[in-house]
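As a plain string of letters, each chain reads:
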Amino acid sequence: MFSTQRRRTVPENDAFIVHEHDAYPRGSRPLRSRERAARQRRGIERIDRTRPSHGRASDARLAVRYHPVGPSPQGRTRRERSMLPYFNTSGPCIPGEHYMLPPERRLEHVLELIEGRRFFTLHAGRQTGKTTSAMWLADHLEASGRWHALWVDLETARETPDVTEAMTAILAAFERALAFRHPQRPRPEADERAAMLSTPKSALLAYLTHLAGRSPLPLVLLLDEADGLVGEAMVSFLTQLRHGYIERSKVPFPASVVLVGQRQVRDYALHEEDRKALTWLGTTSPFNITAEATTLGPFSEAEVGELLQQHTTTTAQRFLPEAIDRIWELGRGHPWLTNALADQIVRRDVKDRAVEITAEHVEAAKETIILERRTHIDSLVARLREDRVRRILAPMLAGGSVEGGTLDDDFAYVLGLGLVRLERGHWVIANPIYREVVPRALTFARQGQIYLEPSAFVRPDGSLDLPRLMADWQVFWREDGHLAAEGFGYREAGPHLMLMAFLQRVINGGGKIQREYGLGRRALDLAVEWRGQRHAIEVKIRRGTVTEERALDQVTDYLDRLGLEEGWLVMFDLRSTASWAERLTMREVEHRGKRVHVVGC
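From a predicted model like this one, the values you see are computed outputs, not experimental measurements.

Caption draft 1: Structural view of the sheet that holds strand β10 (residues 511–516). Read across the open sheet, the six strands follow the order β10-β11-β12-β13-β15-β14; overall the sheet is mixed. With one partner strand each, in any of the chains shown, β10 and β14 (586–591) form the two edges of the open sheet. Strand-to-strand, the axes of this sheet are offset by a mean angle of 25 degrees, without reference to chain direction.

Structure (structure tokens):
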């Protein structure tokens, strides 16, 4: 996780101090949050940058003095001490500053692979603790006395297809990492680096050979944001690593390389031209020396409770069991979602530490996070535009099956992003928050174009007039909705998305919609909650003559699960030969002791 907030001038009581005569040498910049966090994890809290006492004003050299500090809050202002620790939603976790679980719990297999001197990927969805884990690994391996380890952030080379520019950025990232975290380590001089970069397609190979050859211990590299490389630069990056791996029995090279990112290495080459350039590296992976791909799992239910208990221990503010259960249910242990829900509650919604946190507080926090489209949610929405994601999620929304040409790699890609998971052998959306975000994001723009007055569907007693709502929906579907549904990028789920957009436009006035969908379900289930009432709606596409009987069985099963006696079945007839008079129907049937309103569209 990392912060995208604009950087500010660092005050004197921040992570490092800039003295009166300090100046950054030409070409340098303030420390990035990850670099600063790495120093803090290693016990380096401040850096005094002062000129040597004999230096002249024109002397650009700076003397750096490191001031190690312990985990205590000494040197911080009273306000800073009162704010720590807190639930982290941006950047890597720092012990003492953030509530956090021990990273090593999720890294046992990773450590085994490093011990085996493997090259592999550590991949997981966005903001799941990858950087925190990589930084902990570097510290842990260094502390063992058996390895030299270096964590390097390659983000500055992101989306840079030119090999020369990318390799220049990558070597500069290595230089920054060494200068700030291992200044005593030998590394190539400036003229040596320039010579390496004169042949950029071997620059990284030469640089790493130099580092490994001068390291007294086996060298482990943890390369963060490695999957941000693109085009020829990505091809060259992987090729040079492979070349060094093959020759490492005779030529010095790092003992283990961990590529950290959101994707497995086989998914790095997303464009056909890149895949062609990498065919010689292997048929199943563009980086066929990797031992395997490993990922970071979510928090367990017990770990979610453990994390929340840290806040209670620090502040005495208690999360009720029902609130802990609801945070687990909504986020399914996703690190960012868990922290974001807790942070929204205790830092914004319930600042009074004497007030206990309830499930209602959690529900309100969830809605705020979705509506404000926090950074993580916005990143998720951006993924929905990718074809590989659409090929999986579109049929999932409609309850159908993926097309025959969909590759297993597409499932692996979406699974690696953390968008889906396997539940009892079935592919489902990873957690209830994502399950709600996906359709709401896809229909957000459309909602604003639906002209209606939500209050028109509220009876004098405050209840929802669902019969009138469905009648108006049929009119809208005939006049505008069926055409607009074809404009969705998720075309096969267009009718379902259009109905959800229409309902959301109304329900925003005082209720909420819970959605259940997944591959092979053959239906979309909607539970509309409105001021203490629940309404069940099942959505299906008419296929053949047996559809309605099966649909009635499904909707009555859904009603049984919800404990309701009455529900709605919305059936879309997409046959081009059917007239609107045939399609637009509304009737009531009794099925297995339940009352079902069948709405034809």
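Caption draft 2: Seen up close, the pattern of salt bridges. Applying the stated rule across the entire model yields 38 salt bridges. A salt bridge links Glu 306 to Arg 105, with the nearest nitrogen and oxygen atoms 2.9 Å apart. With Glu 306 in helix α10 (residues 301–315) and Arg 105 in the loop between α2 (78–83) and α3 (108–115), the pair connects residues that are 201 residues apart, well separated along the chain. Given the relative accessible area of 30%, Glu 306 is considered partly exposed. Of the charged contacts, one joins Glu 436 and Lys 366 as a salt bridge, the two residues approaching to 3.2 Å between their closest N and O atoms. In this pair, Glu 436 sits in helix α17 (residues 432–447) while Lys 366 sits in helix α13 (residues 359–372), placing the two residues 70 residues apart along the sequence. Across the pair, exposure class does not vary: Glu 436 and Lys 366 are buried alike. One salt-bridge network, in which partners are shared between bridges, spans Arg 326, Glu 329, Glu 363, Lys 366, Glu 367, Glu 436, Arg 440, Lys 512, Glu 529 and Arg 534.

Caption draft 3: Highlighting unusual backbone geometry. With phi around 55 degrees, Arg 117 is a residue other than glycine that occupies positive phi space. Residue Arg 117 is classed as partly exposed on the basis of its relative accessible area of 40%.

Caption draft 4: Focus on α17. Compared with an ideal rise of 1.5 Å per residue, which puts 16 residues at 22 Å, α17 spans 21 Å between its outermost C-alpha atoms and is within 8% of the ideal. At Ala 441, α17 is bent by approximately 35 degrees, the largest bend along its length. Of all the positions in α17, only Pro 432, Ile 433, Tyr 434, Glu 436, Val 437, Val 438, Pro 439, Arg 440, Leu 442, Thr 443 and Gln 447 are classed as buried. Two or three places before Ile 433, at the start of α17, stands the capping residue Asn 431, its side-chain oxygen 3.1 Å from that residue's backbone nitrogen.

What counts, and where the lines are drawn
Residues numbered from 1 in each chain as written. Predicted model: local features only at pLDDT ≥ 70, side-chain atom pairs only at ≥ 80, totals over all residues. Heavy atoms only, no water. Pairing = 2+ DSSP bridges. Helix = DSSP H or I, 4+ residues; strand = E, 2+ residues; numbered from the N terminus. Axes fitted to C-alpha atoms, helices over the stretch in contact; angles between N-to-C directions. Salt bridge = Lys/Arg side-chain N within 4 Å of Asp/Glu carboxyl O. Buried < 20%, exposed > 50% of the residue type's maximum accessible area, 1.4 Å probe, protein only. Expected span 1.5 Å × (residues − 1). Bend = angle between axes of the 7 residues up to and from the residue. Polar contact = N/O pair within 3.5 Å; in protein donor to acceptor, adjacent residues only side chain to side chain.

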